[in-house]
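# Commentary on secondary and tertiary structure
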Amino acid sequence: MGNPLVVPNLPTHKLPRETFGSRVKRFLARMNLGSQSADTRLRWKLYDTIQATMASLSPTVTLVAEKRAPAKKRKLSVPVVVVRHPYHLRHVFEMMPNIPDTLAAERRFLELLMTRALKRYGEQMALIKGSAFSFEHEAREYFFAGFRLEKQIKKVNNPDERFAALQAIHTNYFHGRNYYYFALLRREKLAPDNKLFMLYARAVYFMARIDWNGELLDKPNPRMLPSRDDMLFFVERDKSVVTRYRTDQDFQRQVKSVLEAFPAS
C-alpha cells in the first residue's frame, strides 16, 4: 500500500475555530443537558472530522505509523487513521457534497485539506512511476473499461459469468467516479473535451441498476442514485463543463437533461 501519506503544508492558518460557547454546549450535550439542532450537531462533527483528518495527515509521525500523535487529547467522534491511499479518507470525501451552505467555511476548509492531500499523493505516485500522475487519466481508463464491459453484458447469459461481469463493471465505475472526484479536488487542468462528467453520470446511473443480489434492474433504484445537488457539486467544480456550458447551447441541453435524470433533494 506504500508509505503513509504525510502533508507537510497543512493549512492551519485557515482552520475554522470552535467558539467557547460551542465547547460549553458540547460539554452539556455529553451530560445529556440542553438540546441541539441538527445543524449544530453537524458542525461539531465537522470540527472533529477536520481535527482527525489533520492528525491523520500530520507530519508528526512516530517510527510506527499507527502510533501517530492525535490532534488533541479529547476524544474525537471521527477516527484518526493511517492514510496510504485517498480511499482511507473516503468518509471525508463522501461527507463533503452534503455539507449545507450554512457550514460553508467548514466545507471550504475540508476541501482545501483534501486538495493538499491529493496533490501530495499525486507527487508520491509520480515519483514511484517515474512519470506524471493524473487522476483524470486514471478516471478515463476506468470509465472506458467499465463501458466496454457494459456493452457486452447483453451477450452474457450464464448466471455466474453475468454476475462476475456486473461485478467487474461496478468495480471499474467505482474507481472511475472516485478518481474523477479526486481530479476535480486536486484542481487538475482537465482537457476541454474530456467528457468525464458525462461518463461519471452514466457510471453512477448504471451502478444504481445493479441490485443487491447482483441482478441488473431495468431502472435504477432511486435510493442508490446521487441527488441533483450532489451532481451539481461536481458540475460546479469541473471547469471544463462550466466553460463549455457558457458557450454551447447543445451542451447546455445535455447537462440539463442529465441533471433532470437524478432525484431532486
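Residues numbered from 1 in each chain as written. Predicted model: local features only at pLDDT ≥ 70, side-chain atom pairs only at ≥ 80, totals over all residues. Heavy atoms only, no water.

### A look at helix α5 (residues 135-152)
Quick reminder of the rule: Only runs of H or I of at least four residues qualify as helices and only runs of E of at least two qualify as strands under DSSP, and these elements are numbered from the N terminus. Expected helix span is computed as 1.5 Å times (number of residues minus one). Remark: exposure states derive from per-residue accessible area (1.4 Å probe, protein chains only) relative to the maximum for the residue type, with buried under 20%, exposed over 50%, and partly exposed in between. By definition, residues are in contact when any of their heavy atoms lie within 4.5 Å. Polar contact is defined as a pair of N or O atoms within 3.5 Å, subject to the rule that within protein one atom must be able to donate a hydrogen and the other to accept it, and that residues adjacent in sequence are counted only when both atoms are side-chain atoms.
The end-to-end C-alpha separation of α5 is 26 Å, in line with the 26 Å expected for 18 residues at 1.5 Å each. When α5 is considered as a whole, its buried residues turn out to be Phe135, Glu136, Glu138, Ala139, Phe143, Ala145, Gly146 and Glu150. On the buried face of α5, the contacting elements are α4 (104-129), α6 (159-185) and α7 (196-207). Capping of α5 at its N-terminal end is provided by Ser134; its side-chain oxygen lies 3.2 Å from the backbone amide nitrogen of Glu136.

### With respect to the nonpolar core
Convention followed: The term nonpolar core refers to a set of buried residues drawn from Ala, Val, Leu, Ile, Met, Phe, Trp, Tyr and Cys, joined through side-chain atoms within 4.5 Å.
If you look at the biggest cluster of nonpolar residues, it comprises 65 residues, and the most contacted ones within it are Met96, Leu110, Phe143, Tyr180 and Phe197. Elements with a contribution of two residues or more to this core: α2 (38-57), α3 (90-95), α4, α5, α6, α7, α8 (228-237) and α10 (249-260). With residues near it in sequence (within four places) discarded, Phe143 still touches Tyr173, Gly176, Arg177, Tyr180, Leu196, Leu199, Tyr200 and Ala203.

### Some thoughts on the pattern of salt bridges
Basically, it comes down to this: Only one rule defines a salt bridge in this text: a Lys or Arg side-chain nitrogen within 4 Å of an Asp or Glu carboxyl oxygen.
Applying the stated criterion across every chain yields a total of 12 salt bridges. Here Glu111 makes a salt bridge to Arg237, at a shortest N to O gap of 3.0 Å. Taken as a pair, Glu111 in helix α4 and Arg237 in helix α8 lie far apart in primary sequence, 126 residues in all. Residue classification places Glu111 among the buried residues on the basis of a relative accessible area of 15%.

### Some details on the packing of aromatic side chains
To keep it simple, the criterion reads: For Phe, Tyr and Trp, where Trp contributes only its six-membered ring, two rings pair if their centres lie within 6.5 Å, and the inter-plane angle classes them as stacked under 30 degrees, edge-to-face over 60, or tilted in between. Placement of a positive charge over a ring is assigned whenever Lys NZ or Arg CZ falls within 6 Å of the ring centre and within 35 degrees of the normal to the ring plane.
On inspection of all chains with the given rule, the structure shows 22 aromatic pairs. Between Tyr181 and Phe233 the ring centres are 6.0 Å apart and the planes differ by 85°, which places this aromatic pair in the edge-to-face class. Residue Tyr181 is located in helix α6, and its partner Phe233 is located in helix α8; the two are separated by 52 residues in the primary sequence. For the pair Tyr181 and Phe233, one class covers both residues: buried. Positioned above the aromatic ring of Phe233, the side-chain terminus of Arg237 is 3.6 Å from the ring centre.

### Looking at empty space enclosed by the protein
The following threshold applies: Lining residues are defined by having an atom within 4 Å of a point belonging to a cavity or pocket. Those points lie on a 1 Å grid over the protein atoms alone, cavities being sets where a 1.4 Å probe fits but cannot get out and pockets being open sets with protein on both sides within 12 Å along at least five of seven lines. Grid points are joined across faces, edges and corners, and a volume is the space filled by probe spheres set on the points. Under the grouping applied here, Gly and all other residues not named as nonpolar or charged are polar, the nonpolar ones being Ala, Val, Leu, Ile, Met, Phe, Trp, Tyr, Cys and Pro and the charged ones Asp, Glu, Lys and Arg.
Counting across every chain of the model gives one cavity of 30 Å³ or more. In this structure, the largest cavity spans a volume of roughly 40 Å³. Taken together, Leu5, Val83, Pro86, Leu89, Phe93, Met114, Ala117, Leu118 and Tyr121 make up the full set of residues lining the largest cavity. When residues of the lining of the largest cavity are assigned to their parent elements, the largest contribution, four residues, is made by α4. Of the residues in the lining of the largest cavity, the class split is nine nonpolar, no polar and no charged.

### A look at the environment of Arg26
As for its placement among the helices and strands, Arg26 is situated in helix α1 (residues 20-30). When the C-alpha atoms of Arg26 and Arg41 are compared, they prove to be 9.0 Å apart, with 15 residues separating the residues in sequence.

### Some details on the packing of α5 against α7
So the rule is basically this: Simply put, an axis is a line fit to the C-alpha atoms, just over the touching stretch for a helix, and the angle between two N-to-C directions goes from 0 to 180 degrees. By the definition adopted for this analysis, an angle is roughly parallel if under 35 degrees, roughly antiparallel if over 145, roughly perpendicular if from 65 to 115, and oblique otherwise. In this scheme, a crossing is called left-handed if the near helix is turned counterclockwise away from the far one by less than a right angle; it is called right-handed if the turn is clockwise.
With their axes 10 Å apart at the nearest point, α5 and α7 run at an angle of 45° to one another. Compared by their axis directions, α5 and α7 come out oblique. Taken as a pair, α5 and α7 cross one another with a handedness that is left-handed. Within the contact between the two elements, α5 uses Glu136, Ala139, Arg140, Phe143, Phe144, Phe147 and Glu150 and α7 uses Leu196, Leu199, Tyr200, Arg202, Ala203 and Phe206. Across the contact of α5 with α7, the residue classes tally to nine nonpolar, no polar and four charged.

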